[in-house]
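Below, each chain spelled out in residue letters.
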Amino acid sequence: MVDILEKLTIVVKRGKADKNSPYPPDLKGQDGADELTAEALKMGFTPDEVLQKALVKGMHLIGEDFSAGRAFVPEMLMAAKAMKAAMKHIEPFFKSGSVKQKGTVIMGTVQGDLHDIGKNLVAMMIEGAGWKVVDLGSDTSFEKFLAALEEYPDAIVGMSALLTTTMVNMKGITEKIKEVSPKTIVMVGGAPLSQDFCTQIGADFYSPDPQGATEYLDALVKSA
Amino acid sequence: MKDHFTVHLEPLGKKVEVPEGTPLKDVLFSYGVEFPCGGKGICGGCRVKVLKGDVSFDERHRSLLEKLNLDFSWRLACQSYVTGDVTLEIGQFDTFILADSSPFLFKPQEGYGIAFDLGTTTMVTQLVNLKTGKVIGVETAVNPQAQHGADVISRIEYAVLQDGQATLTRLVREKFATMIHRLIRKAGGIAPEKIVVVGNTVMHHLFCGRDLTPMASYPFETPEGGACHFTPEELGLKTDDHTDIEFLPVLGSFVGSDILAGILATGMAESKDPLILVDLGTNGEIVVGNRDRILCASTAAGPAFEGTNIHMGMRATTGAISSVTRSEEAIRVHIIGNEKARGICGSGLIDAIAVFLETGKIDIGGRIKGESGRIDLTPEVFLTQKDIRELQLAKGAVASGIQILRETLGFAPEDIRNVYVSGAFGSFINLENTRRIGLLKYPADKIIKMGNTALLGAKMSLFENGDKIRDILQKTIHLSLETNPDFQDIFAENMIF
Ligand code: B1M
């Protein structure tokens, strides 16, 4: 019986979205995350069990592989696609309130910057760890972060930058966020950043990879 | 008896046909090889390695090598004459800068002209006799702005965020003047009719003194990318007043007049069949098109091809593994200068990955098999997992850029007649391996290493009245890849080997 959740964990990790998807080649023709999630729910597993024991686990495994260099961007994106295919079945339960998410994270690539692949990966991982993600896309100004914060006052803000000329924009945005909402936690990341830079601009947390970001978030929930 | 011989220059892959007895100095000069001691045979700066055949070699030459502590596989170019077909390796120069000696069609004119390629890293200029089309002088230098950052973004940062724009402009103009003065002096004080300068958008703005602020963030579009004309006086040149100095216009965003010149050099705007021009540098500029329409873009490949961000990466200088091959079970590395390996340069990295994909040590996702997470090439030099990831990002970005431009124009891969590869790095790569790793997914016989197309195009434009440049500008559209919603998926696909 537990078997199906294990199977689902594996297809999420390996990035098999549905039966028809050709990737990965060795799982051709087999059920993917879409079919297995539907089946698990039909078999009577609660949406929360499916989420925690299969989807979150699968994403965590791919996140670990990514951090260790065993997997890279393409594999991560495929895993995220598989997770999305599974989430279609779980989402209705978020709305009805029968499955609780850990909290909300507002994500955006900072103003002036359109590099969004890293930000997307982190957003997918955070979502895959059981959070609600409000993705503001790229070129995100303070005003856009503020508008989202007004809608989700308890949310954590995550900012990404890939250019040394745009990462400096994080400083102004962080300062303004802290001004209007001192309790809001600001998390930053992106290839040119460092812990030093994070400290300098007054942000709360820096992670070089998605795994670090989800672990930090999870620690926040535990300590709360 | 043959009275002409072929000089084969590796790793450029260039062949030059010259009469017997031609001084090697004359052959190499136009490739930017410098002769620091002026050809006296005492500094060893012009040393080349004989790979096949030989050049003149006498007792005097032998004793010069001995004094320099060089073994007898070396020759001093300044002491050598062509006596037969020969293959030479000229990659070992620390300051090796790619000049150009490609033949081209031109309309003979009176006087002299100067072509100037202002690169982010290096500057190279040639003095051309407009009557004969012959290059009669070359000067090369490292861009003095490099002390304020290696790539264009760090120059922008220095100019805009640290108020260094005026400094960068002064530095580059001073160097420019020094180089032009030297060219002219060595040629006996001639007065050039015109000087054509090309460079990427950031170099254009810094040379011309235009505000770089718009290039610091999205949408990276500058209103001041047009052609700039100068009088000699404005640039501090002590030359005839009539010399017309022009910095050619940029094509859009980060695609500058070096690429405009490259388009001119390839003849793309007149070609019926579609062509591709790729500059394999940090910015990875790409042009696809034919006489009907041309698209260009920059793909921000990153510096992996230049050996930067690679654990043991280095530039293509002495001690770098520059190629890797496999015969049967043995892996062979070639080290520039045949010394102990100190690191690996871009061409070696591509070869190594191609070889280990063949042996199965690296899988198509880029993962190194086994637990060690590294691959040893020599006792000193190894590749890490992260190196392979860096290369995947760089080659994925370039391959995606080419694919997006090609598909936007509605061409299939088979429609492309030729792929021209420009830039220093492009001249050194093994084309089969480039294909194997999925950087350029075209048959090797369609790919042409073209060397410094910016300098060649600038030289060609010395003979033009401006019509061809206007034609290119009119046909060429800059495509901004960052707004393409499919980029991420195409990029991910192209990262796979
Ligand atoms: C909130 O908490 C967190 C926590 C962790 C976080 C986080 C947030 N955000 C990220 N992380 C972390 O987790 C992720 C997963 O590990 C990581 O995210 P990353 O984003 O680092 O990693 C991604 C998963 C994969 N990496 C990437 O996607 C970036 C790869 C490279 C090749 C790159 C790409 C793909 C692109 N580019 Co651009 N590009 C380059 C890059 C060079 C390279 N080899 O790295 C870089 C970043 N680009 C650069 C440049 C200059 C540019 N690019 C540009 C354009 C583009 C493309 C459109 C072609 C494309 C972007 C497409 C897109 N939609 O994102 C231009 C501007 C675009 C814009 N308006 O912003 C342009 C300005 C110029 C140009 N030549 O066109 C360079 C920046 C140099 C500098 N000094 O800052 C560059 C390093 C390449 C270079 N030339 O050296 C971590 O950083």
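In this text the structure is predicted, and so the values were computed from the model without any measurement.

Around the ligand there are 44 residues in total, and Leu114(A), His115(A), Asp116(A), Asn283(B) and Ser298(B) lie nearest to it. More than one chain reaches the ligand: its neighbouring residues belong to chains A and B. Taking Glu482(B), its side chain carries an N or O atom lying 3.2 Å from a nitrogen atom of the ligand. Counting residues per element, the ones that place at least two in the shell around the ligand are helix H5 (117–128), strand E3 (156–160) and strand E4 (186–189) of chain A together with helix H8 (385–408) and helix H12 (487–495) of chain B. If you tally residues by element for the shell around the ligand, the top one is H5(A), at four residues. In the shell around the ligand, the residues fall into 26 nonpolar, 13 polar and five charged.

Bringing the packing of H8(B) against H12(B) into the picture now. All names here are of chain B. The contact between H8 and H12 brings their axes to 8 Å, and the two run at 125 degrees. Comparing their axes, H12 and H8 come out oblique. Remark: the crossing between H8 and H12 carries right-handed chirality. Residues Gln 392, Leu 393, Lys 395, Gly 396, Ala 397, Ala 399, Ser 400, Gln 403 and Ile 404 of H8 pack against Phe 487, Ile 490, Phe 491, Asn 494 and Met 495 of H12. A per-class count over the contact of H8 with H12 returns eight nonpolar, five polar and one charged.

Attention now goes to the nonpolar core. Leu8(A), Val278(B), Leu280(B), Phe305(B), Ile353(B), Val398(B) and Ile437(B) are the most contacted members of the largest nonpolar core, which has 95 residues in total. Looking at which element gives the most residues to this core, the answer is helix H4 (residues 73–96) of chain A, with eleven residues. Looking at this core, you find at least three residues from each of domain 1 (3–96) and domain 2 (104–223) of chain A. Dropping the residues within four chain positions of it, Ile353(B) is found in contact with Ile362(B), Leu383(B), Ile388(B), Leu391(B), Ile437(B) and Phe497(B). Grouped together as the second largest cluster of nonpolar side chains are 39 residues, Val152(B), Val172(B), Leu206(B) and Ile245(B) included.

Once that is clear, we can look at empty space enclosed by the protein. Unfilled space is identified by rolling a water-sized probe across the atoms. Residue and element names in this part refer to chain B. Counted by the stated rule, this structure contains two cavities of 30 Å³ or more. Of the voids in this model, the second largest cavity is the one considered here, and its volume is about 30 Å³. If you trace the second largest cavity, you find it lined by Ile 263, Leu 264, Gly 267, Ala 269, Glu 270, Lys 468, Asp 471 and Ile 472. When residues of the lining of the second largest cavity are traced back to their parent elements, those giving at least two are helix H6 (257–266) and helix H11 (467–475). When residues of the lining of the second largest cavity are assigned to their parent elements, the largest contribution, three residues, is made by H11.

All names here are of chain A. By the assigned domains, chain A splits into domain 1 (3–96) and domain 2 (104–223). A straight line from the C-alpha centre of domain 1 to that of domain 2 covers 25 Å. On the domain 2 side, the residues contacting the 17 residues of domain 1 number eleven residues. Of the roughly 1,100 Å² buried where domain 1 meets domain 2, counting both sides, 72% is carbon and sulfur surface. Joining domain 1 to domain 2, the criterion identifies one salt bridge. Of the charged contacts in the structure, one is a salt bridge between Glu 127 and Lys 84, with a shortest N-O distance of 3.8 Å. Our count for the contact surface shared by domain 1 and domain 2 stands at two residue pairs in polar contact (both at pLDDT 80 or more). Looking at the side of domain 1 that touches domain 2, the elements that each hand over two or more residues are helix H3 (47–67) and H4. Among the elements that make up the side of domain 1 that touches domain 2, the one with the highest residue count is H3 (nine residues). Residue composition of the side of domain 1 that touches domain 2, grouped by class: eleven nonpolar, three polar and three charged.

Of the residues lining the interface, 23 residues belong to chain B; the matching set on chain A comes to 22 residues. Applying the counting rule to chain B against chain A returns one salt bridge. Where Lys81(A) meets Asp489(B), a salt bridge forms, and the shortest distance between an N and an O atom there is 3.1 Å. Where chain B packs against chain A, one counts six residue pairs in polar contact (both at pLDDT 80 or more). At the level of secondary structure, the elements contributing two or more residues to the side of chain B that touches chain A comprise helix H3 (152–161), H8 and H12 of chain B. With six residues, the top contributor of residues to the side of chain B that touches chain A is H12(B). Looking at the side of chain B that touches chain A residue by residue, the classes come out as twelve nonpolar, six polar and five charged.

Parameters and conventions
- In every chain, residue numbers begin from 1 and rise along the written sequence.
- Chain letters and ligand numbers both follow the written order, the letters beginning at A and the numbers at 1.
- Given that the model is predicted, a residue must reach a pLDDT of at least 70 before its local features are reported, and side-chain atom pairs must reach 80 or more before they are shown or counted; all residues, however, enter totals for whole chains, interfaces and linings.
- Side-chain measures here rest on the full set of heavy atoms in the structure, leaving out hydrogens and waters.
- A cutoff of 4 Å decides nearness: a residue is near a molecule or strand if any of its heavy atoms lies inside that distance of it.
- In protein, a polar contact means a hydrogen-donor-capable atom and an acceptor-capable atom, both N or O and within 3.5 Å, with residues adjacent in sequence counting only if both atoms are side-chain atoms; elsewhere, any N or O pair within 3.5 Å suffices.
- Only DSSP runs of H or I reaching four residues or more are called helices, and only runs of E reaching two or more are called strands; each is numbered from the N terminus.
- Classes in brief: Ala, Val, Leu, Ile, Met, Phe, Trp, Tyr, Cys and Pro nonpolar; Asp, Glu, Lys and Arg charged; the others, Gly included, polar.
- Fitting a line to C-alpha atoms yields each axis, with helices limited to the stretch in contact; the angle taken between N-to-C directions then spans 0 to 180 degrees.
- An angle below 35 degrees is treated as roughly parallel, one above 145 as roughly antiparallel, one from 65 to 115 as roughly perpendicular, and anything else as oblique.
- Each crossing is labelled by how the near helix is turned from the far one, with a counterclockwise turn of less than a right angle marking it left-handed and a clockwise turn marking it right-handed.
- By definition, residues are in contact when any of their heavy atoms lie within 4.5 Å.
- Here, nonpolar core refers to any group of buried Ala, Val, Leu, Ile, Met, Phe, Trp, Tyr and Cys residues whose side-chain atoms link them within 4.5 Å.
- Exposure categories follow from relative accessible area, calculated using a 1.4 Å probe and restricted to protein chains: below 20% of the type maximum is buried, above 50% is exposed, and the middle band is partly exposed.
- The split into domains, and so the bounds of each, comes from an automatic or database assignment of domains.
- Here the term cavity refers to a set of points on a 1 Å grid, laid over the protein atoms alone, in which a 1.4 Å probe fits but cannot get out; the term pocket refers to an open set having protein on both sides within 12 Å along at least five of seven lines, with lining residues being those that place an atom within 4 Å of a point.
- Grid points are joined across faces, edges and corners, and a volume is the space filled by probe spheres set on the points.
- The term buried area denotes the loss of accessible surface (1.4 Å probe radius) that occurs when two parts are joined, taken as the sum for both partners.
- Here, a salt bridge means any Lys or Arg side-chain nitrogen found within 4 Å of an Asp or Glu carboxyl oxygen.

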